[in-house]
Amino acid sequence: MVLMRTGDLPGALAACERAVQAVPDAAGLRHNLALILRDSGRLRAAVGQWERAIKLAPGLVPAWVSVATAYLFEGRLSEGLAAARRSVELAPDDVDAMTTLASALQHNCLMDESLAAGEAAPRRFPASPLSHSILLMGSEYVPQASEVIAARLQAFTRSLPAPGPAAIDSPDAGRPLRIGVLSPDLREHSVACFASAALAPPGGAGPVVAIYPGTSLPGAAAPARLRSLCHEWHEA
């Protein structure tokens, strides 16, 4: 997994495949292999490895959570919901399991149940930004008073890490505005869907934008499009 964290997906994939071949019944290794396959853009193969990992270790919660998310992405909504429910049954105190269930309920248009799960997450995990984030997303689909949504947004803000030192103001008022975009996955993340208009404003006037992708595959459509529009591209 060290190779994966450094961005060497081919090296990580080769090493993990060798490990799985050596110990084929190791569910944890198959889960790791699935993560690498997913980040390599091979979601169908990743799902197969998660399914095999679950057969080997039915209580492996990270595999249940991951395969639930993958099912939802593939449009297998009922299977995604079933896997998410199973993850919560196995680990009711796992924030990833609970927030994945709330997301799966949203995907299955069970909005009231999703909101209930979303409301439970911040109560159980008040320090987790993810738990507050999933509640905010659920609030978009069920009528809510603006005061309620504002309070949830404030709670989300309080859960975030403290900001670093303030930037030093430059006396040069005419300097270009620089914006950095850091994304874990520009292939599927919402940044890839909505950033193009901001990066290519009418008339060509706009800030200097630097993008720091955590995962970018050669030939992937979204990274290629964004890379052509931004001013700087730095592999993170």
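See the structure printed just above.
What counts and how
Residues numbered from 1 in each chain as written. Predicted model: local features only at pLDDT ≥ 70, side-chain atom pairs only at ≥ 80, totals over all residues. Heavy atoms only, no water. Salt bridge = Lys/Arg side-chain N within 4 Å of Asp/Glu carboxyl O. Buried < 20%, exposed > 50% of the residue type's maximum accessible area, 1.4 Å probe, protein only. Helix = DSSP H or I, 4+ residues; strand = E, 2+ residues; numbered from the N terminus. Core = buried A, V, L, I, M, F, W, Y, C linked by side-chain atoms within 4.5 Å. Contact = heavy atoms within 4.5 Å.

Novice: For this particular structure, what's the right way to read the pattern of salt bridges?
Specialist: Proximity of charged atoms lets side chains of opposite charge pair with each other. For the structure on display, the rule yields nine salt bridges. Across the pair Glu74 and Arg76 runs a salt bridge, and its minimum N-O distance is 3.1 Å. Residue class for Arg76 comes out partly exposed when judged on its relative accessible area of 23%. Residue Glu113 is joined to Arg85 by a salt bridge in which the shortest nitrogen-to-oxygen separation is 3.0 Å. Within this pair, whereas Glu113 is found in helix H8 (residues 111–124), its partner Arg85 is found in helix H6 (residues 77–90), the two being separated by 28 residues in sequence.

Novice: Help me understand the nonpolar core in this model?
Specialist: Generally speaking, nonpolar side chains in soluble globular proteins are found buried as a group. By size, the foremost hydrophobic cluster in this structure holds 41 residues, and its most contacted members are Leu33, Ile36, Val47, Trp50, Val67, Ala83 and Leu101. Of all the secondary-structure elements, those providing two or more residues to this core are helix H2 (9–22), helix H3 (27–39), helix H4 (43–56), helix H5 (61–74), H6, helix H7 (95–107) and H8. No other element matches the nine residues that H5 contributes to this core. When residues no more than four places from it in sequence are discounted, the contact partners of Leu33 are Leu13, Cys16, Glu17, Val20 and Gln49. Ile211, Leu226, Cys230 and Trp233 belong to the second largest nonpolar core, which has five residues in total.

As far as function goes, none of this settles anything; it's purely spatial.
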